[in-house]
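In case you want the letters, here they are:
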Amino acid sequence: MSAAALGLWEEVRGSRLLRSGLWMSLAGVAGGALGYVFQVLMGRLLSPADFALFSAVMALGMFAASPLSALTMLVARQVASLLSLGRKGQLRPLYLSVFRGIVVGAVILLACTTLAQDALQGYLHAPDATPIWILYSVLVVVAVVALNTAFFQGSQSLGWLGGLGVAGVLARIVFG
């Protein structure tokens, strides 16, 4: 190894932030590769009509989950702020408060999904309501994952944050 590479390696080993960033980067690459595997598996395992339905449900899910990125950003900012002020004791109440909000949102979404089930089924050209209820379930799980992502991000637990991303892709492969 060259002296410059050795120096860089020592700097990475000595810095918690660089080490965590490296793990997060590796997890991002692993997550991307596993995401590719997931798409290929779905393309091979599903008929063309089922893959079209799968793609439509995925697109609708991405659209419906887009507000969660704002939630993640706001909660991560609040967590970082509380930690920088040394107020660790306020993290648990924050988590529980946001979790309660997610539960209320899930109940409201349940009512909306129930009321709009026929319209959604027609929009998706789905033979039955199963894809709609799978989408609902995934959205609720993704909301809870977004909360945990925000806490990992706000506390700068980058290794855990990357691991959560890889776990999400692995869960899609297993459940897919």
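Located above this text is the structure these notes cover.
Residues numbered from 1 in each chain as written. Predicted model: local features only at pLDDT ≥ 70, side-chain atom pairs only at ≥ 80, totals over all residues. Heavy atoms only, no water.

Visitor: Help me understand the packing of helix α3 (residues 48-65) against helix α4 (residues 67-84) in this model?
Guide: To describe two helices that pack against each other, one gives the angle between their axes and the distance between the axes. For the pair α3 and α4, interaxial distance at closest approach is 5 Å and the crossing angle is 40°. When the axis of α3 is compared with that of α4, the two are oblique. Residues Phe63, Ala64 and Ala65 of α3 form the contact with α4, whose own contacting residues are Pro67, Leu68 and Ser69. Residues that form the contact of α3 with α4 fall into these classes: five nonpolar, one polar and no charged. (Axes fitted to C-alpha atoms, helices over the stretch in contact; angles between N-to-C directions. Helix = DSSP H or I, 4+ residues; strand = E, 2+ residues; numbered from the N terminus. Parallel < 35°, antiparallel > 145°, perpendicular 65-115°, else oblique. Contact = heavy atoms within 4.5 Å. Nonpolar A, V, L, I, M, F, W, Y, C, P; charged D, E, K, R; others polar.)

Visitor: Would you explain α4 in this entry?
Guide: Since the α-helix packs 3.6 residues into each turn, any two residues three or four apart lie on the same face. Compared with an ideal rise of 1.5 Å per residue, which puts 18 residues at 26 Å, α4 spans 26 Å between its outermost C-alpha atoms and is within 8% of the ideal. Within the sequence span of α4, burial applies to Leu68, Thr72, Val75, Ala76, Val79 and Leu82. Projected down its long axis, α4 shows its buried positions confined to an angular sector of 130°, all on one face. Exposed and oriented more than 90 degrees from the buried face of α4 are Pro67, Ser69, Met73, Leu74, Arg77 and Ser84. Buried residues in α4 make contact with α3, α5 (91-115) and α7 (130-154). Of the residues flanking the end of α4, it is glycine 86, one or two places downstream, whose phi is positive at about 75°. (Expected span 1.5 Å × (residues − 1). Buried < 20%, exposed > 50% of the residue type's maximum accessible area, 1.4 Å probe, protein only. Arc of directions from axis to C-beta.)

Visitor: Would you mind going over the packing of aromatic side chains with me for this structure?
Guide: Each aromatic ring pair is described using two quantities: the centre-to-centre distance and the angle formed by the ring planes. Across all of its chains, the model carries five aromatic pairs by this definition. With 5.8 Å between their ring centres and 65° between their planes, phenylalanine 38 and phenylalanine 54 make a pair best called edge-to-face. Taken together, the positions of phenylalanine 38 in helix α2 (residues 16-45) and phenylalanine 54 in helix α3 put the pair 16 residues apart, joining distant regions of the chain. In this structure phenylalanine 38 comes out as buried when scored by relative accessible area, which is 5%. Accessibility expressed as a relative area gives 16% for phenylalanine 54, which makes it buried. Through pairs of rings, three or more aromatic residues link up here, namely Phe38, Phe51 and Phe54. (Phe/Tyr/Trp six-rings, centres within 6.5 Å; stacked < 30°, edge-to-face > 60°.)

Visitor: Please clarify how the layout of surface pockets should be interpreted in this entry.
Guide: Once rolled over the atoms, a probe with the size of a water molecule shows which space is left empty. Each pocket or cavity is described by its volume, and for the largest pocket that value is around 1500 Å³. If you go around the largest pocket, you meet 38 residues; those closest to its centre are Met58, Val138, Val142, Gly168 and Arg172. Only α2, α3, α4, α7 and α8 (158-175) provide two or more residues apiece to the lining of the largest pocket. Here the lining of the largest pocket gets twelve residues from one element, more than from any other, and that element is α7. Looking at the lining of the largest pocket residue by residue, the classes come out as 26 nonpolar, ten polar and two charged. Estimates place the volume of the second largest pocket at around 280 Å³. Surrounding the second largest pocket, 13 residues form its lining, Leu68, Gly105, Leu109, Leu139 and Ala143 being those nearest its centre. Within the residue set of the lining of the second largest pocket, elements represented by two or more residues are α3, α4, α5 and α7. (1 Å grid on protein atoms, 1.4 Å probe; cavity = no way out; pocket = protein on both sides within 12 Å on 5 of 7 lines; lining within 4 Å. Points joined across faces, edges and corners; volume = space filled by probe spheres on them.)

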